[in-house]
Amino acid sequence: SAQGGRNLGEQLLAKYPDLSAIWAVDDVLAAGIGAAAKAANRTIVVTGLNGDQDGIQAIQQGQMSATWYVDSVKTGMTAAELSARVLKGDAQPTELPLKYVAQPVLYTKDNVDKWAPPEKQIPYPELK
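The present account deals with the structure reproduced in this document. What you are looking at is a predicted structure, and each value in this text was computed from that prediction instead of being measured. Every chain's residues receive numbers from 1 upward, in the order its sequence appears when written. Reporting of local features is limited, given that this is a predicted model, to residues whose pLDDT is at least 70; pairs of side-chain atoms are given and counted only at 80 or more, and all residues count toward the totals for whole chains, interfaces and linings. Just so you know, side-chain values use all the structure's heavy atoms and leave hydrogens and water out.

## Describing the pairing of strand β3 (residues 66-69)
The pairing criterion for strands is at least two bridges between them, as found by DSSP. Per the convention used, a helix needs a DSSP run of H or I reaching at least four residues, while a strand needs a run of E reaching at least two, with both numbered from the N terminus. Of the pairings in the sheet, the one linking strand β2 (residues 45-49) to β3 comprises three bridges and is parallel in character. Paired with glycine 48 across the two strands is threonine 67, which belongs to β3. Pairing of β3 with strand β4 (residues 105-108) involves four bridges; the strand directions are antiparallel. Its bridge partner lying in β4, threonine 67 is registered against tyrosine 107.

## What to know about a nonpolar patch on the surface
A residue counts toward a patch only above 30% relative accessible area and without a salt bridge, and it is joined to like-charged neighbours within 9 Å or, for Val, Leu, Ile, Met, Phe, Trp and Tyr, to nonpolar neighbours within 5 Å. A 1.4 Å probe and the Shrake-Rupley method give the accessible areas. Residues count as covered only by the protein chains that appear here. We define a salt bridge as a contact between a side-chain nitrogen of Lys or Arg and a carboxyl oxygen of Asp or Glu at a distance within 4 Å. On the surface, Trp23, Trp68 and Leu106 cluster together into a nonpolar patch covering about 330 Å² of accessible area. Structurally, tryptophan 68 can be placed in strand β3.

## Observations regarding the nonpolar core
In this text, buried Ala, Val, Leu, Ile, Met, Phe, Trp, Tyr and Cys residues form a nonpolar core when linked through side-chain atoms within 4.5 Å. Residue exposure (1.4 Å probe, protein chains only): buried if accessible area is under 20% of the type maximum, exposed if over 50%, otherwise partly exposed. The biggest cluster of nonpolar side chains holds 20 residues, and the ones touching the most others in it are Ile33, Ile44, Val46, Met64 and Tyr107. Secondary structure elements with two or more residues in this core: α2 (27-39) and α3 (53-60). At six residues, α2 tops the list of elements feeding residues into this core. Excluding anything up to four places from it in sequence, valine 46 contacts Ile22, Ala30, Ile33, Gly34, Gln63, Met64, Ser65 and Ala66. A contact between two residues is defined here by any heavy atoms of the two lying within 4.5 Å.

Now the structure itself:
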């Protein structure tokens, strides 16, 4: 939770006065840590993971430096497309990649305006 992140941030800032960066496991936690740093008037790099609305807002409010977004929409669509090829007989399972590696996007204050929520990223086919 953001409150849990804030509590953790306060503890870390008190215990480590020379702390310069924190990478959190998700954006909500990172936003809470960033709020603690901001309240303590400390400038540290706070990075989250998920690239979600909470992280984007925290970057815009100066509570986080960055968030990593792994494109779960593209990953799911790629998995579905590869599966459909095999099911249709268009490809043999041995022809397909053994793995798909998503390319994460780093959002910062410099590109946060390019972020879009996942539901806006799905290319819905035209209804006919």
